[in-house]
Amino acid sequence: MKRRIWLTGASSGIGLALAEELLNAGHQLALTARNLEPLEALDQRFPRQVLLAPGDITDPDQVKGIGERIAQVWGAVDTAILNAGTCEYIDATRFDAQLVERVVRTNLIATSYCIQEALTLLRLGQRPHLVGVASSVAYLPLTRSEAYGASKAGLRYLFRSLRIDLAREGIDVTVVSPGFVDTPLTRKNDFPMPMSWPAPKAARFIAQRLKKNRRPMEVAFPWPLILSLKLLALLPERLQLALGKRMVRDARQSGSSA
Ligand SMILES: NC(=O)c1ccc[n+]([C@@H]2O[C@H](COP(=O)([O-])OP(=O)(O)OC[C@H]3O[C@@H](n4cnc5c(N)ncnc54)[C@H](OP(=O)(O)O)[C@@H]3O)[C@@H](O)[C@H]2O)c1
């Protein structure tokens, strides 16, 4: 069944690949990001399927405008995939609270603005489905990930809690927890990224899982990385700390700035 899907973060990386995947499958997509060019390129390729809904999601007025635009044109949304996000790493020797604020504002607060608009539209949609892109980092504290991890752990909690409260309205909630995916976001990383997937592979995996009749609560990949993180999270805290300290030392020895 063709769906009306609002996708944020559609200009790059996982979001751009997911937009292509879903458009190729024939769905209608409302595309949000600040950079208009990649969205317009998709609009040209899929003219009858794309609704341009650009904007900065950290600005609540812009998000409200996006919601109103989608309501005007479509009247409702069947699926909202809130994927837009950012990542910056902390240097604990010069802890920067503004960095934490920037990352949390985009990943958690701005996504909440989108949730507010999405829910109004989803309540009018068919078999409504709310999807949030968190991260596998939320399973385990990792070096330098204080801000990013906190934002994604918060986002994960927000969606899981919402799942309970939206169940009686028949709105399903899925959390997507990717491992490493090769995108402009991770190309800046100066450390090894085990089991990294190309963005089109990640997009295909996410799209296949989301279309299942019985909606998954979690879409996490690749499974060997997810399993390792989940098992490590079960270890006693002191052992986790010892392993974490080792990761910092190994990263320094390999010349990274960790
Ligand atoms: N890549 C990975 O390994 C990985 C792993 C786990 C989770 N994730 C999560 O997956 C999602 C996508 O990441 P990615 O790797 O594809 O990163 P990316 O290539 O940098 O894409 C990020 C997307 O978010 C949009 N965005 C960022 N800030 C925005 C804002 N203020 N307003 C509107 N749009 C904004 C960007 O669009 P504009 O810049 O055009 O606004 C872009 O389309 C993120 O939530 C990320 O945390 C990624």
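Values in this document were obtained by computation on a predicted structure and should not be read as measured data.

Undergrad: Give a detailed account of the packing of aromatic side chains, specifying residues and quantitative values.
TA: Evaluated as defined, the whole model comprises five aromatic pairs. Through successive ring pairs, a cluster of aromatic residues spans Tyr89, Phe180 and Phe191. In this arrangement the basic side chain of Lys230 is found over the ring face of Tyr139, its NZ or CZ atom lying 5.1 Å from the centre.

Undergrad: Now, about helix 5 (residues 146-166): what can you tell me, with residues and values included?
TA: In this model helix 5 runs 30 Å from its N-terminal to its C-terminal C-alpha over 21 residues, within 8% of the 30 Å that 1.5 Å per residue would give. For helix 5, the set of buried residues is Ala147, Tyr148, Gly149, Ser151, Lys152, Leu155, Arg156, Phe159, Leu162, Arg163 and Leu166. Each element contacted by the buried residues of helix 5 is listed here: strand 4 (79-82), helix 4 (97-122), strand 5 (129-133), strand 6 (172-178) and strand 9 (218-221).

Undergrad: Account for the pattern of salt bridges, with residues named and values stated.
TA: Counted under the stated rule, the structure contains eleven salt bridges. The closest approach of N and O atoms between Glu20 and Arg45, which form a salt bridge, is 3.1 Å. Taken as a pair, Glu20 in helix 1 (residues 13-24) and Arg45 in helix 2 (residues 36-45) lie far apart in primary sequence, 25 residues in all. Overall, the relative accessible area of 28% leaves Glu20 in the partly exposed class. According to the relative accessible area criterion, Arg45 is partly exposed, its value standing at 49%. Between Glu101 and Arg105 there is a salt bridge, and its shortest N-O distance comes to 2.7 Å. One end of the pair is Glu101 and the other is Arg105, both in helix 4 and four residues apart, which spans about a single turn. Given the relative accessible area of 45%, Glu101 is considered partly exposed. In this structure Arg105 comes out as partly exposed when scored by relative accessible area, which is 34%.

Undergrad: Now, about the side chain of Gln240: what can you tell me, with residues and values included?
TA: By the element assignment, Gln240 lies in helix 8 (residues 237-253). Given the relative accessible area of 16%, Gln240 is considered buried. One polar contact links the side chain of Gln240 to the main-chain carbonyl oxygen of Leu235, over a distance of 2.9 Å. Not counting chain neighbours up to four residues away, the residues in contact with Gln240 comprise Leu140, Pro141, Leu232, Ala233, Leu234 and Leu235.

Undergrad: Requested: an account of the site of the ligand, with residues and values cited.
TA: Near the ligand, the surroundings consist of 30 residues, among which Ser12, Arg34, Tyr148, Val181 and Thr183 are the closest. Here a nitrogen atom of the ligand and a side-chain polar atom of Asp56 are 2.9 Å apart. Within the complex, 92% of the 880 Å² of free accessible area of the ligand lies under protein. Going through the elements one at a time, helix 1 and helix 5 are the ones with two or more residues in the shell around the ligand. Split by residue class, the shell around the ligand holds 13 nonpolar, 14 polar and three charged.

Undergrad: An account of the nonpolar core is needed here, citing residue identities and associated values.
TA: In this structure, Leu7, Leu18, Leu29, Leu31, Ile81, Ile206 and Phe221 are the most contacted members of the largest nonpolar core, which totals 32 residues. Only strand 1 (4-8), helix 1, strand 2 (28-32), helix 2, strand 3 (50-52), strand 5, helix 6 (199-210) and strand 9 provide two or more residues apiece to this core. It is helix 6 that contributes the most residues to this core, seven residues altogether. Grouped together as the second largest cluster of nonpolar side chains are 30 residues, Ala30, Ala84, Leu122 and Leu162 included.

Definitions and limits used
Residues numbered from 1 in each chain as written. Predicted model: local features only at pLDDT ≥ 70, side-chain atom pairs only at ≥ 80, totals over all residues. Heavy atoms only, no water. Phe/Tyr/Trp six-rings, centres within 6.5 Å; stacked < 30°, edge-to-face > 60°. Lys NZ or Arg CZ within 6 Å of the ring centre and 35° of its normal. Helix = DSSP H or I, 4+ residues; strand = E, 2+ residues; numbered from the N terminus. Expected span 1.5 Å × (residues − 1). Buried < 20%, exposed > 50% of the residue type's maximum accessible area, 1.4 Å probe, protein only. Contact = heavy atoms within 4.5 Å. Salt bridge = Lys/Arg side-chain N within 4 Å of Asp/Glu carboxyl O. Polar contact = N/O pair within 3.5 Å; in protein donor to acceptor, adjacent residues only side chain to side chain. Near = heavy atom within 4 Å. Areas by Shrake-Rupley, 256 points an atom, 1.4 Å probe, with all protein chains shown as cover. Nonpolar A, V, L, I, M, F, W, Y, C, P; charged D, E, K, R; others polar. Core = buried A, V, L, I, M, F, W, Y, C linked by side-chain atoms within 4.5 Å.

By themselves, these figures tell us nothing about what the structure is for.
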